[in-house]
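Residues per chain are reported as follows:
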Amino acid sequence: MIAQRQVVFWLVALVLVVTGLYVLRDMLLPFVAGLALAYLLDPLADRLERLGLSRLFATLLILGLFILLFIVALVLLVPIVANQLAAFIGKLPETVSRLQQLAAEQGGTLLERLGGPAGLQDVQQSLGNVVSEGARWLGAFLQSLWSGGQAIVNVFALLVVTPVVAFYLLVDWDRMIATLDSWLPRRHAPTIRQLAREMDGAIAGFIRGQALVCIILGTFYAVGLSLIGLNFGALIGLGAGLISFIPYVGSLTGLVLSVGVAIVQFWPDYIMIGATLAIFFAGQFFEGNILSPKLVGHAVGLHPVWLMFALFAFGSLFGFVGLLLAVPIAAALGVLARFAVRQYLASSLYDEGLPPPPRPETDA
């Protein structure tokens, strides 16, 4: 009876929390961003505390350095990215048209043999439809993210409120964790603590490690594509690196965009087009064999399909806030799902009514 009441209580609490997040989604962005920032920086604050600094001074030092680095990055990167983005959007129709023309010129003979002149026209029309539909879908998705995050909180509020929220949370982080621990039901406290440790390991292992992977890959792609002289190389490289936290999407998007631009810019110079391909193949090899095993590890427990589903689902429901919450919630649900499976396999529901397995025969 007590267990049933506890289940009902926690289900009601979960429904209230989810409902509150959905209702307040338009104003949550700076608070969720501040919480994420405090969570990411807490281990560094703990390390400085062990070195003898007070929690307040450690927090001020960490946030001050973080804000300084953030401002420097904005000053250096925003003008480059903004200029290249404006130029890229302006030349996108011309680039797509040129790709269609090259496809018709190089593959026209084969297509005419297979389907006649009508076949060539059908391919050109289909390619145009695919490009337009893809652009329309991407624009709608970005619009949903923007509209979900701009209702009350604008960019100025994000930049001002987030550091303040992160400061107070980082100062009081250990006390908040201790208070939450004191609220746990005593009977199930050890199990909940163990699940919380597993969730923390999954979330920290992915977010902190994958953030470094994205930064390193973005820098590698941007520098490599810029060195070979590819138009919009810095923009494509940084974009591909920053969305590499979505499995395969970042590298595939960057590869398609860079190769498309390279074909239009360098054709028929196969060496430069091959150099563009080589940069992305090298980045993928570097990520798969060095970066991800060292920085992210293999024990995160987030399947790529589950991660992509969580990112798109929460992004559609909660906008940019949903993207910030998707990975932690996906990791937490993954831990809970594995715990539920273990409990099921150890319960009578799994093997109730079955005879015991036969004992193996042994030689006398």
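Residues numbered from 1 in each chain as written. Predicted model: local features only at pLDDT ≥ 70, side-chain atom pairs only at ≥ 80, totals over all residues. Heavy atoms only, no water.

## Focus: the overall build of the protein
- Along the protein, the regular secondary structure elements total 12 helices and zero strands.
- Listed N to C, the secondary structure of the protein is α-α-α-α-α-α-α-α-α-α-α-α in terms of helices and strands.
- Sorting the 364 residues of the protein into buried and exposed places 32% on the buried side.
- When contacts within the protein are restricted to residue pairs at least 6 apart in sequence, long-range pairs at least 24 apart make up 74% of them. (Helix = DSSP H or I, 4+ residues; strand = E, 2+ residues; numbered from the N terminus. Buried < 20%, exposed > 50% of the residue type's maximum accessible area, 1.4 Å probe, protein only. Contact = heavy atoms within 4.5 Å.)

## Focus on the side chain of S258
- Along the chain, the position of S258 falls in helix α8 (residues 249-266).
- Judged by its relative accessible area of 0%, S258 falls in the buried class.
- Sequence-distant contacts of S258, that is, excluding residues within four places in its chain, are made with L225, L230, I236, T276 and F280.

## A closer look at the pattern of salt bridges
- Evaluated as defined, the whole model comprises seven salt bridges.
- A salt bridge links D46 to R55; the shortest N-O distance between them is 2.6 Å. Side by side, D46 and R55 carry an identical accessibility label, which is buried.
- Its salt-bridge partner being D174, residue R55 comes within 3.5 Å of it at the nearest N-O pair. Of this pair, R55 sits in helix α3 (residues 55-150) while D174 is found in helix α5 (residues 173-182), placing the two residues 119 residues apart along the sequence.
- A relative accessible area of 11% places R55 in the buried class.
- A single network of salt bridges, built from pairs that share partners, joins D42, D46, E49, R55 and D174. (Salt bridge = Lys/Arg side-chain N within 4 Å of Asp/Glu carboxyl O.)

## Let's talk about the packing of aromatic side chains
- Per the counting criterion, the structure on display carries four aromatic pairs.
- Judged by centre distance (5.3 Å) and plane angle (75°), the ring pair of F167 and Y168 falls under edge-to-face.
- Here Y168 falls in the exposed class, since its relative accessible area comes to 53%.
- Linked through ring pairs, F220, Y221 and F280 together constitute an aromatic cluster. (Phe/Tyr/Trp six-rings, centres within 6.5 Å; stacked < 30°, edge-to-face > 60°.)

## Some points on the environment of I279
- With respect to the helices, strands and loops of the structure, I279 is situated in helix α9 (residues 270-296).
- The class of I279 is buried, set by a relative accessible area of 12%.

## Examining the nonpolar core
- Core analysis: the largest hydrophobic core is formed by 20 residues, its most contacted members being L37, A38, Y39, L41, I62, L63 and L170.
- Put simply, the parts of the chain that give this core at least two residues each are α2 (29-50), α3, α4 (155-171) and α6 (189-227).
- Once you skip the residues sitting within four places of it in the chain, A38 turns out to touch A166, L169, L170 and W173.
- Residues V213, V261, I273 and L291 belong to the second largest nonpolar core, which totals 17 residues. (Core = buried A, V, L, I, M, F, W, Y, C linked by side-chain atoms within 4.5 Å.)

## Observations regarding α6
- Taking 1.5 Å per residue as the helical rise, α6 with its 39 residues ought to reach 57 Å, and the 56 Å between its terminal C-alpha atoms agrees with that figure.
- Taken from the residues just after α6, G229 is the one with a positive phi, measuring 85°. (Expected span 1.5 Å × (residues − 1).)

## Some remarks on the confidence of the model for the protein
- Here the protein shows a mean pLDDT of 76. Residues at 70 or above account for 78%.
- The weakest mean pLDDT in the protein belongs to α3 at 68; the strongest belongs to α5 at 88. (pLDDT = per-residue confidence, 0-100.)

## Some words on the side chain of R55
- A polar side-chain atom of R55 sits 2.6 Å from a polar atom in the side chain of D46.
- Excluding anything up to four places from it in sequence, R55 contacts D42, A45, D46, E49, L170, V171, W173 and D174. (Polar contact = N/O pair within 3.5 Å; in protein donor to acceptor, adjacent residues only side chain to side chain.)

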